[in-house]
Amino acid sequence: MPLALSIALAHLIGRRRQTVVSVFGVGLGVAFFIGLSSLMLGFQRDFIARIIDTSPHVLIRDEYRTPRIQPAVMQWPDQPVVVHGLKPRDEVRGIRTAREILAALADLPDVVAAPVLAGPVFLRYGSADRSATLTGISPVVERRVTTLERDLLSGSLDSLSTTANGIILGELLAQRLGVGVGGTITATSAAGVVMRMTVVAVFRSGITTLDASNAYALTKRVQVLLNRPEVINLIRLRLADAEQARSVAAVLERRFAYKAESWEETNSNVLTVFVIQRAIIFSTVGAILIVACFGIFNVISTVIHEKARDIAILKSMGFRESDVRHIFLIEGLMLGMIGVAIGWGLGFLLVELLGSIRFNNEGFIRAQGFVLFRSWIHYGIGGAVAMVASILAAWLPARKAARVNPVDIVRGAA
Amino acid sequence: MAALQAVGLTRLIGEGDGVTLVRDISLNFTAGEFVCITGPSGSGKSSLLYLLGLLDQPTAGDVLVDGRSTQRLSRDALADLRLAKLGFVFQFHFLLPEFSAFDNVVLPIRRLGRLRGRAADRRAEALLDRLGLAASMHKRPGQMSGGQRQRVAIARALANDPPVVLADEPTGNLDTHNATEVFRLFQEIAAEGRLVVAVTHDLDLAREASRRVHLVDGALAPVPGVALD
């Protein structure tokens, strides 16, 4: 066994209790890092996966990101033109050039487009009523753009076409209305049109907000209900690579002027919460690790204080300052390594324990228990951070030990 | 050639008019000598020994080991010189308490690396055997008597076969029997051709040395009862 290692080992074994407390401090830090990362990223990744799965990757809306440039401004671009009393033109909302846009989108590779009309409606079943977003779709295109068909709990997508005034409801929406497949509900739009519709299917996306407020019907029916014949107000796009949504949206917006939102932008409020959540959890776990490393600092400082005489002996024997520094760095390294190994074990058990807990989660997403993301990367990051922190915690006292003047110690002992 | 030489050694501590521990000491020590440094408490005996042993740096002057100046050597080079050329024995045995007698002795051998593996072990075993510690070599310092511990410390000082052995009050903590035994060992070691320099209060034992150096207030002084040359 290398000399420095055997001396370091003897020091740590000599202070068994403090050594155990320190390594468990590091171990718990690493374990919590693994457990919380797995929990947090599991939830976030699952949510994002469901969003990517169930929602369009890019949404072209019948609105503009910035007000359209006025003709007077275009006429005198270099002049300080001010137009007073501007208000939006009173016009029928919708994407006016939908046909041309769809034709252009059809030429793009790896892009599937679905024109829809969506709007708010009021649904009533008996004495129960709920507001919802009703989206007019075409079953043939819908199954290429979203996973609605896969998410159906009962009924079928095609029954929209075979049933007069058929409607598909989110599971929570159906539950709150108290209606099931075959039930007839009344839909009322802001335009005052009332339509009796038959529930032909119920879906569950797993995302609470969608399941509680979304409904689907044929585009034609929705156009009648919203009193907007021949109008579509959204073009939903599905991309082969959802990661490209942001850049595709930017290109489409520049090309067609209509606001094009990537799924990240549509869900930016939730994604921002995720960023904050990550920051909070990583800071908390970081603080745990730092406290654990203070334990290592404490152990090594105490060992150095107690072993000042031994350090003087080693130096009087002819050990170099670097030899002494190595001994205490090795101690920090060993505490870190054992702590990380314990942390990995505890972290694994923690993740498995969390995975075994069963309950009905009705938050952002609906699941029967914690959604976990198991990844060796968490073990790697947790271990690496703990090791770096352990070495840093050992570095300062080790440097101090290397500078011990043996004469001071020998004189003090005499 | 002198095995060890002190040339105008002075050691001050503190700022400005600080305390003078050792003042302008020049001495030559040759191989095979057993030299005792005596003097009243606070006369600078140990300070001189630490300077000779390269544990402390002089404010002025130089220490020559085998005729080579150590004045400009780095701390690492001084450590290497201590490891290979000097052996230390302190008043309090100063053994590493977590290690056995054998481990304490083999430690400097392994650090120097001149002997490796079994050869290093055999050297440590032979030294402990020679000092009558064959049966106790796997005991820890806490399980040994004061005399045994000091003999382990002597074995450790001899571990790398150094030409110079320095001892600071090596018998200060021992009973008469053990103190006499330690001095007998030093005489033996010196007879092998090594230089042994020991600081002691015990004038009876100091008389056993081949030469005495007396210090008063950090400076050389005539040995009481012996005329200076």
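Refer to the preceding data block for the structure.
Residues numbered from 1 in each chain as written. Chains lettered and ligands numbered in written order. Predicted model: local features only at pLDDT ≥ 70, side-chain atom pairs only at ≥ 80, totals over all residues. Heavy atoms only, no water.

J.: Which residues make up the overall build of chain B, and what values go with them?
T.: The helix and strand tally for chain B stands at 7 helices and 10 strands. Looking at the 229 residues of chain B, the share that counts as buried comes to 55%. Contacts spanning at least 24 positions in sequence make up 70% of the contacts within chain B whose residues lie at least 6 apart. Carbon together with sulfur atoms contributes 49% to the accessible area of chain B, which is approximately 9800 Å² in total. (Helix = DSSP H or I, 4+ residues; strand = E, 2+ residues; numbered from the N terminus. Buried < 20%, exposed > 50% of the residue type's maximum accessible area, 1.4 Å probe, protein only. Contact = heavy atoms within 4.5 Å. Areas by Shrake-Rupley, 256 points an atom, 1.4 Å probe, with all protein chains shown as cover.)

J.: If you had to explain the nonpolar core to someone new, which residues and values would you point to?
T.: Residues A:Phe328, B:Leu4, B:Ile37 and B:Leu48 are the most contacted members of the largest nonpolar core, which totals 81 residues. Sorting elements by how many residues they give to this core places helix α15 (residues 321-356) of chain A first, with 9 residues. When sequence neighbours within four positions are dropped, the list of residues in contact with B:Ile37 reads B:Lys45, B:Leu48, B:Leu49, B:Leu52, B:Val197, B:Ala198, B:Val199, B:Thr200, B:Val213 and B:Leu215. Membership of the second largest hydrophobic core comes to 39 residues, among which are B:Leu127, B:Met144, B:Val152 and B:Ala167. (Core = buried A, V, L, I, M, F, W, Y, C linked by side-chain atoms within 4.5 Å.)

J.: Tell me about the interface of chain B and chain A, and name the residues and values.
T.: Contact with chain B, which involves 26 residues of that partner, is made by 25 residues of chain A. A combined buried area of about 2400 Å² lies between chain B and chain A, and 63% of that area is made up of carbon and sulfur atoms. Of all residues in chain B, the largest losses of buried area upon contact with chain A belong to B:Phe94, B:Glu98 and B:Arg111, amounting jointly to 25% of the total for that side. In this assembly, chain B and chain A are joined by 4 salt bridges. Across the salt bridge formed by B:Asp76 and A:Arg320, the nearest N and O atoms sit 3.9 Å from each other. Inspection of the chain B/chain A interface yields 4 residue pairs in polar contact (both at pLDDT 80 or more). Those elements that provide at least two residues to the side of chain B that touches chain A are α1 (45-52), α2 (75-85) and α3 (101-112) of chain B. With 6 residues, α2(B) is the single largest residue contributor to the side of chain B that touches chain A. (Buried area = accessible area lost by both parts, 1.4 Å probe. Salt bridge = Lys/Arg side-chain N within 4 Å of Asp/Glu carboxyl O. Polar contact = N/O pair within 3.5 Å; in protein donor to acceptor, adjacent residues only side chain to side chain.)

J.: If you had to explain the pattern of salt bridges to someone new, which residues and values would you point to?
T.: All names here are of chain A. Per the stated rule, a full pass over the model turns up 30 salt bridges over all chains. With its nearest N and O atoms 3.9 Å apart, the salt bridge here joins Arg-124 to Asp-129. A relative accessible area of 42% places Arg-124 in the partly exposed class. Its relative accessible area of 30% is what places Asp-129 among the partly exposed residues. We note a salt bridge from Asp-151 to Arg-150, for which the minimum N-O separation is 3.7 Å. Judged by its relative accessible area of 10%, Asp-151 is buried. We classify Arg-150 as exposed; its relative accessible area is 57%.

J.: Lay out the sheet that holds strand β3 (residues 34-38) of chain B in plain terms, naming residues and giving numbers.
T.: All names here are of chain B. Within the open sheet, the 6 strands sit side by side as β6-β7-β8-β3-β9-β10. Their pairing is mixed. Every interior strand has two partners, whereas the edge strands, β6 (86-89) and β10 (219-221), have only one. For this sheet the average axis-to-axis angle between neighbouring strands, irrespective of direction, equals 25 degrees. As judged from the 5 bridges shared by strand β7 (residues 164-168) and strand β8 (residues 195-199), these two strands associate in the parallel manner. Note on β8: the bridge partner recorded for Leu-166 is Val-197. Each of β3, β6, β7, β8 and β9 (211-216) is contacted by α1, which is oriented at about 155 degrees to β7, the strand it contacts most. Most of the contacts of α2 go to β6, to which it runs at about 80 degrees, and overall it touches β6 and β7. (Pairing = 2+ DSSP bridges. Axes fitted to C-alpha atoms, helices over the stretch in contact; angles between N-to-C directions.)

J.: Tell me about a nonpolar patch on the surface, and name the residues and values.
T.: On the surface, A:Ile69, A:Val73, A:Met74, A:Val83 and A:Leu86 cluster together to form a nonpolar patch covering roughly 450 Å² of accessible area. In this fold, A:Leu86 is placed in the loop between α3 (71-75) and α4 (98-106). (Patch = residues over 30% accessible without salt bridge, like charges linked within 9 Å, V, L, I, M, F, W, Y side chains within 5 Å.)

J.: Give a detailed account of the side chain of B:Asn160, specifying residues and quantitative values.
T.: Topologically, B:Asn160 is positioned in the loop between α5 (146-157) and β7. Relative accessible area serves as the criterion here: at 8%, B:Asn160 is assigned to the buried category.

J.: Before we move on, can you summarise the pairing of strand β9 (residues 234-239) of chain A with the specific residues and values?
T.: Taken residue by residue, a regular strand's side chains alternate between the two faces of the sheet. All names here are of chain A. The buried fraction of β9 amounts to 6 of the 6 residues, a majority that puts the element mostly inside the structure. Bridging between strand β1 (residues 58-61) and β9 involves 4 bridges; their strand directions are antiparallel. When the bridges of β9 are listed, Ile-60 appears paired with Ile-235. Across 6 bridges, the pairing between strand β2 (residues 111-125) and β9 is antiparallel. Its bridge partner lying in β9, Ala-114 is registered against Arg-236.

J.: I'd love a proper account of the packing of aromatic side chains, names of residues and values included.
T.: Within this structure, the stated rule accounts for 9 aromatic pairs over all chains. An aromatic cluster of at least three residues, connected via ring pairs, comprises A:Phe43, A:Phe47 and A:Phe274. Its guanidinium or amino end placed over the ring of A:Phe319, B:Arg111 lies 6.0 Å from that ring's centre, counting from NZ or CZ. (Phe/Tyr/Trp six-rings, centres within 6.5 Å; stacked < 30°, edge-to-face > 60°. Lys NZ or Arg CZ within 6 Å of the ring centre and 35° of its normal.)

J.: A description of the packing of α5(B) against helix α6 (residues 176-191) of chain B should follow, citing residues and the corresponding values.
T.: All names here are of chain B. In contact at an axis separation of 10 Å, α5 and α6 are set at 15 degrees when each is read in the N-to-C sense. In terms of orientation, α5 and α6 fall into the roughly parallel class. Judged by the twist between their axes, the crossing of α5 over α6 is right-handed. Within the contact between the two elements, α5 uses Gly-147, Gln-150, Arg-151 and Ile-154 and α6 uses Asn-178, Val-182, Leu-185, Phe-186 and Ile-189. Of the residues that constitute the contact of α5 with α6, the class distribution is 5 nonpolar, 3 polar and 1 charged. (Parallel < 35°, antiparallel > 145°, perpendicular 65-115°, else oblique. Left-handed = near helix turned anticlockwise from the far one by under 90°. Nonpolar A, V, L, I, M, F, W, Y, C, P; charged D, E, K, R; others polar.)

J.: Which residues make up unusual backbone geometry, and what values do they have?
T.: All names here are of chain A. The backbone of Glu-230 shows a phi angle near 65 degrees, a positive value even though the residue is not glycine. Here Glu-230 is to be found in the loop between α10 (219-225) and β9. Look at Glu-230 and you get exposed, because its relative accessible area is 61%.

J.: Got a sec to walk through α4(A)? Specific residues and values, please.
T.: All names here are of chain A. When we look at burial in α4, the residues that qualify are Ala-98, Ile-101, Ala-104 and Leu-105. Projected onto a plane normal to the axis of α4, the buried residues spread over an arc of 130 degrees and lie on a single side. Facing away from the buried side of α4 by over 90 degrees, the exposed positions are Arg-99, Glu-100 and Ala-106. Its buried side turned inward, α4 meets β1, β2, β9 and α11 (245-256). (Arc of directions from axis to C-beta.)

J.: Outline the sheet that holds strand β4 (residues 60-65) of chain B, supporting the account with residue identities and numerical values.
T.: Residue and element names in this part refer to chain B. Strand order in the open sheet formed by 4 strands is β2-β1-β4-β5, and the pairing between neighbours is antiparallel. The open sheet terminates on both sides in strands that have one partner only, identified here as β2 (19-29) and β5 (68-69). Across 5 bridges, strand β1 (residues 4-13) lies against β4 in antiparallel orientation. Residue pairing in the sheet places Leu-4 in a bridge with Val-65 of β4. Docked against the sheet, α1 engages β1, β2 and β4, running at close to 55 degrees with respect to β2.

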